[in-house]
Amino acid sequence: MFVFDFSFKNFLRDYKVTALLIFLVLFNGVITLIFYGTYNDESIEKMGALVDSNIRELELWRLFTYSFGHMSVLHLIINPPMIYFFGRPLEKYFGSLKFLAITIFISLITGILITIFHNGIYPLSGSSSFGSGYLGIYFFFI
């Protein structure tokens with residue numbers, strides 16, 4: 001399950017969803033830096049972060065889009081490898097379509113739980129929800 005073939009061509013062919021997730025995360029991070037120059041509350045909110053007041057205004061799409069943004073450059077650098085290392089074996093095991101459905105479910109459930117239980121500082125953003133959900137699946141298998 002954790003055998004790594006370092007061919008980029010094979011990665012794109014065999015792990016379409018994992019590659020798409022990494023692309024979306026990196027794309028969101030680069031666009032944030034290009035158009036806003038930094039990660040701050042305003043820039044990450046405009047890029048789809050989860051914000052309490054916006055959920056009350058029924059911007060429910062943020063329950064999914066927060067997963068592609070980040071709170072800092074370091075956060076952006078850490079998450080794509082996490083998606084790569086944890087996502088690939090799961091995509092291979094479940095198949096691309098089921099893995100995509102699982103990833104969307106993880107993102108939505110995490111967003112809903114954050115909205116219900118989080119009392120801290122907003123906005124929130126990051127694909128750590130994917131990694132945490134993937135780890136939960138691994139713990140279930142163990």
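The paragraphs below set out a description of the structure included in this document. Sequence positions are assigned chain by chain, starting from 1 and proceeding in written order. Local features in a predicted model are, by the rule used here, given only for residues with pLDDT of at least 70; side-chain atom pairs are given and counted only at 80 or more, and totals for whole chains, interfaces and linings are based on all residues. For the side-chain quantities, the full set of heavy atoms in the structure was used; hydrogens and water were omitted.

**Here we look at the packing of aromatic side chains**
- The pairing test for Phe, Tyr and Trp rings, Trp by its six-membered ring, is centres within 6.5 Å, and the orientation test on the planes gives stacked under 30 degrees, edge-to-face over 60, and tilted for anything in between. Throughout the structure, instances matching the rule amount to 14 aromatic pairs.
- Taking 5.2 Å as the distance between ring centres and 80° as the angle between the ring planes, the aromatic pair formed by Tyr84 and Phe85 counts as edge-to-face.
- Overall, the relative accessible area of 16% leaves Tyr84 in the buried class.
- Classification of Phe85 by relative accessible area gives partly exposed; the value is 39%.
- The structure contains a cluster of three or more aromatic residues connected by ring pairs, namely Phe8, Phe11, Tyr15, Tyr84 and Phe85.
- Two conditions define a charge located above a ring, namely a distance within 6 Å from the ring centre to NZ of Lys or CZ of Arg, and an angle within 35 degrees of the ring normal. One residue, Arg88, lies across the ring of Tyr15, its end atom 4.8 Å from the ring centre.
- Across from the ring centre of Tyr84, 5.1 Å away, lies the NZ or CZ of Arg88, which sits over that ring. Throughout, exposure labels follow a simple rule: accessible area from a 1.4 Å probe, protein chains only, divided by the maximum for the residue type, with under 20% read as buried, over 50% as exposed, and the rest as partly exposed.

**What about the nonpolar core?**
- Ranked by size, the top nonpolar core spans 22 residues in total, and within it Phe11, Leu21, Ile83, Leu90, Phe99, Phe130 and Tyr134 carry the most contacts.
- Helix and strand labels come from DSSP, where a helix needs a run of H or I of at least four residues and a strand needs a run of E of at least two; each type is numbered from the N terminus. Elements supplying a minimum of two residues to this core: helix H2 (16–36), helix H6 (73–94), helix H7 (96–117) and helix H8 (128–141).
- We call two residues in contact whenever any of their non-hydrogen atoms come within 4.5 Å of each other. Discounting residues that sit within four places of it in the chain, Phe11 has contacts with Lys16, Thr18, Ala19, Ile22, Tyr84 and Arg88. By nonpolar core we mean a set of buried residues, namely Ala, Val, Leu, Ile, Met, Phe, Trp, Tyr and Cys, connected to one another through side-chain atoms within 4.5 Å.

**Digging into the environment of Gly133**
- Mapping Gly133 onto the fold places it in helix H8.
- For Gly133, a relative accessible area of 18% puts it in the buried group.

**Some thoughts on the packing of H6 against H8**
- Lines fitted to C-alpha atoms define the axes, with helix axes restricted to the stretch in contact, and inter-axis angles between N-to-C directions lie between 0 and 180 degrees. Put simply, H6 and H8 touch, their axes get as near as 9 Å, and they point 40° apart. The angle between H6 and H8 places the two elements in the oblique class. Classified by chirality, the crossing of H8 by H6 is left-handed. For the pair H6 and H8, contact is made by His75, Asn79, Met82, Ile83, Phe85, Phe86, Gly87, Pro89, Leu90, Tyr93 and Phe94 and by Ser128, Phe130, Gly131, Tyr134, Leu135, Ile137, Tyr138 and Phe141, respectively.
- Asp, Glu, Lys and Arg are counted as charged, while Ala, Val, Leu, Ile, Met, Phe, Trp, Tyr, Cys and Pro are counted as nonpolar; the rest, among them Gly, fall into the polar class. Split into classes, the residues belonging to the contact of H6 with H8 amount to 14 nonpolar, five polar and no charged. For classification purposes, an angle smaller than 35 degrees is called roughly parallel, one larger than 145 roughly antiparallel, one from 65 to 115 roughly perpendicular, and anything else oblique. Two helices crossing with the near one rotated counterclockwise from the far one by less than a right angle form a left-handed crossing, whereas a clockwise rotation gives a right-handed crossing.

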